[in-house]
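Coordinate analysis (summary)
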Amino acid sequence: MSALAYAWRSLWRNRRRTLITLTAIALSIMIVQAFHNLAIGIYARMIDDGVRAGSGHLAVYRNGYLESREEGLSFLPGDLAKQVRAIPGVSRVLPRIYLPALAQSSSDSRGILLVGVEPDAERAVNPFLKKLPEDGMLRDLDGRDAVIGKRLLTDLKLAVGRKLVVTAQHRDGTLHSELLRVRGVVETGIAEVDGSLLMVGRQRAALLAGMSGEIHELAIILDRADDDRRVFPALAELTGSRPEVAAVSWKEAMPNLANAIKLDYAGQKFIFVIILLIVTIGVVNTLLMSVMERLREFGVILALGSSPARLRRLVLLEALLLGLAAAALGSMLGSLFTWYLVDTGIDLKNFVPENMEFGGVVFDPVLRAAWDLVWMVRIALFVTGLTVLAAFYPAVKAGRITPVEAMRHS
Amino acid sequence: MTLITLANVFKTYRHGSLEVPALVDFSLVIDSGEFTVLAGPSGSGKTTVLNLVGGLDRPTSGTVTVDNLDVGGAPAGILADYRLRRVGFIFQSYNLIPVLTAAENAEFTLMLQKVPRPERRRRVVALFHELGIAGLEERRPSDLSGGQQQRVAIARALAAFPGVVLADEPTANLDSHTAEELLDLMRDLNTRRGVTFLFSSHDDRVIGRARRVVRLEDGRLASDSAAHR
């Protein structure tokens with residue numbers, strides 16, 4: 001017999017009470033683990049969609065461009081794109097031009113954002129371009145094909161195959177116009193993008209603005225989102241020799257998305273804290289009851305020569321065992337729930353609008369979790385620690401018992 | 001050789017503003033190897049004497065010395081160690097720990113002393129054999145009769161080889177036959193092992209088997225059969 005055996009058996013004196021407490025702790029661990037994993041899955045999906053349609057996991061800009069979006073702040077990529085492509089973990093490198101411009105059809109005109117891209121590379125990663133039919137995509141870098149946002153198409157009363165004129169400011173200060181033909185229509189679900197996006201080949205955009213090989217953004221798509229910690233230093237080293245440019249992560253390039261995720265997760269954390277607080281109060285109650293019921297026994301243990309510190313340790317050991325058992329059960333349930341959420345997910349199609357936007361990214365109504373094993377272990381250990389912490393007051397109370405008083409207790 | 005000395009001990013309990021004297025100018029000397037019963041009616045101060053000698057309580061005034069240790073004035077840590085290594089307790093209602101087996105209960109003080117498990121078990125098995133409860137090692141207290149439980153409690157009190165065993169009304173919850181058996185057993189242990197026994201009782205049949213009878217009345221020493229010494 002050891003202190004461990006005594007603590008474990010003591011825990012099960014009141015089987016029903018211990019089971020209820022254990023279940024409550026385990027369920028809280030399950031909920032926190034599964035909903036964290038769900039949030040991580042949703043965020044990962046949003047980030048992935050966001051970076052593929054937007055600025056990439058990492059991006060290189062001319063200094064000041066991100067803050068001002070001033071089209072004059074472009075840079076010559078030179079060998080940079082080729083060098084970045086060689087960094088392990090980099091999947092695609094996408095040079096882009098962004099120009100504020102005016103689009104005119106025969107019936108209407110609109111202010112637009114003209115985006116010059118490399119069609120093949122872009123289509124390989126951009127989820128909206130992937131959806132376009134083969135004959136709906138830009139064919140070359142300097143062609144007159146245009147892919148247009150759906151709302152812009154409607155606003156300009158255009159149709160696929162119809163022509164439009166785009167006017168933008170040339171580097172020489174004059175206004176230049178290009179005749180383009182609508183080849184494809186994209187619908188991102190984001191009203192602002194669908195109402196202003198016009199995509200053309202990069203060289204056509206450069207010609208319009210007189211940029212001769214310069215770009216505004218070098219978007220970098222990684223094989224895995226968490227490769228950025230490895231790739232970023234290598235990228236920073238490459239751009240280090242060019243003081244006019246700087247590498248940034250998607251969090252800086254897409255602050256709306258980063259902040260929306262941060263805010264959403266802060267709300268989740270608050271709920272997690274409330275859940276854990278309620279459970280902790282339950283644990284304090286259980287352990288306190290367990291101590292108060294055993295006053296006489298604790299008196300005997302003290303009379304037999306145990307020190308109050310040892311008695312306190314026995315109560316804390318019981319809490320530790322309770323916490324560990326709950327952590328094991330909770331993690332098992334949390335894993336099962338996460339597995340379901342990864343495999344099947346939660347379909348919200350019936351509850352939310354089809355194209356719900358969140359942080360500038362369209363929200364997939366089928367919510368799927370992603371495994372975050374390290375965090376799952378951490379939360380299980382945290383809750384175990386919390387259970388031990390909850391036992392401090394009951395333990396101190398047990399340590400304050402005087403044997404004579406306690407043994408009078410029936 | 002003197003083992004226990006209580007000199008001019010006063011013990012007063014407070015119940016709100018009321019002061020209740022439990023011992024009044026009580027003095028007693030017990031030698032090593034004695035088999036002494038504290039006799040007297042309920043409330044006469046028997047349990048208070050045992051609590052003071054066992055280091056479970058402190059005198060209001062006077063001194064309690066056991067084996068040269070000032071039990072009345074020693075710090076709590078020293079007292080815990082004193083109870084662990086030098087005193088064995090037997091309680092009226094056995095006070096076995098219900099979640100532990102009989103052997104585990106008997107081993108409890110040895111576990112607190114960090115005696116290795118095989119040595120603990122060896123000592124307890126030998127004691128169970130000596131106390132006539134061999135074979136009951138793995139039973140829980142709830143599966144034992146009152147007499148068997150009290151034998152386990154005796155085993156627990158003796159397992160750590162204490163200098164003195166204090167027993168508070170050890171036979172009060174037992175039928176007379178079992179009580180006599182148990183008392184014979186304690187006397188036998190006292191004779192063979194030389195363990196000093198100090199116990200309390202108000203049962204005349206039990207008192208009649210003691211070698212020395214110290215009678216208390218209202219917290220005072222009424223008589224001592226060894227007073228002639």
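Quick caveat, the model's predicted, so the values are computed rather than measured.

**Quick look at the sheet that holds strand 9 (residues 212–217) of chain B**
Residue and element names in this part refer to chain B. As summarised here, the arrangement of the six strands in space is 6-7-8-3-9-10, forming an open sheet in which the pairing is mixed. Each edge of the open sheet carries a strand with a single partner, namely strand 6 (87–90) and strand 10 (220–224). Averaged over all neighbouring strand pairs, the angle between strand axes comes to 20°, with direction disregarded. Here strand 9 runs beside strand 10; their pairing, made up of four bridges, is antiparallel.

**Structural notes on the pairing of strand 8 (residues 196–201) of chain B**
Residues and elements named next belong to chain B. Within strand 8, six of the six residues are buried, which leaves it mostly tucked inside the rest of the structure. Pairing of strand 3 (residues 35–39) with strand 8 involves five bridges; the strand directions are parallel. Bridge pairing in strand 8 links T36 to L198. For strand 7 (residues 164–168) and strand 8, the ladder comprises five bridges, and the chain directions are parallel. In the strand pairing of strand 8, D168 is matched with S200. Considered for its hand, the β-α-β crossover made up of strand 7, helix 6 (residues 176–193) and strand 8 is right-handed.

**Focus: the sheet that holds strand 2 (residues 18–31) of chain B**
Spatially, the four strands line up as an open sheet ordered 2-1-4-5 (chain B), and their pairing is antiparallel. Lying at the two open borders of the sheet, with one neighbouring strand each, are strand 2 and strand 5 (69–70) of chain B.

**With respect to the packing of helix 2 (residues 15–53) of chain A against helix 12 (residues 255–293) of chain A**
All names here are of chain A. Orientation of helix 2 relative to helix 12, taken along the N-to-C sense of each, is 175°, at an axis distance of 10 Å. It follows that helix 2 is roughly antiparallel to helix 12 by the angle criterion. Taken together, the residues of the contact of helix 2 with helix 12 break down into 17 nonpolar, six polar and one charged.

Conventions we followed
- Residues numbered from 1 in each chain as written.
- Chains lettered and ligands numbered in written order.
- Predicted model: local features only at pLDDT ≥ 70, side-chain atom pairs only at ≥ 80, totals over all residues.
- Pairing = 2+ DSSP bridges.
- Helix = DSSP H or I, 4+ residues; strand = E, 2+ residues; numbered from the N terminus.
- Axes fitted to C-alpha atoms, helices over the stretch in contact; angles between N-to-C directions.
- Buried ≥ 20, exposed ≤ 12 C-beta atoms within 10 Å, placed from the backbone.
- Right-handed = clockwise from strand over helix to strand, strands pointing away.
- Parallel < 35°, antiparallel > 145°, perpendicular 65-115°, else oblique.
- Nonpolar A, V, L, I, M, F, W, Y, C, P; charged D, E, K, R; others polar.

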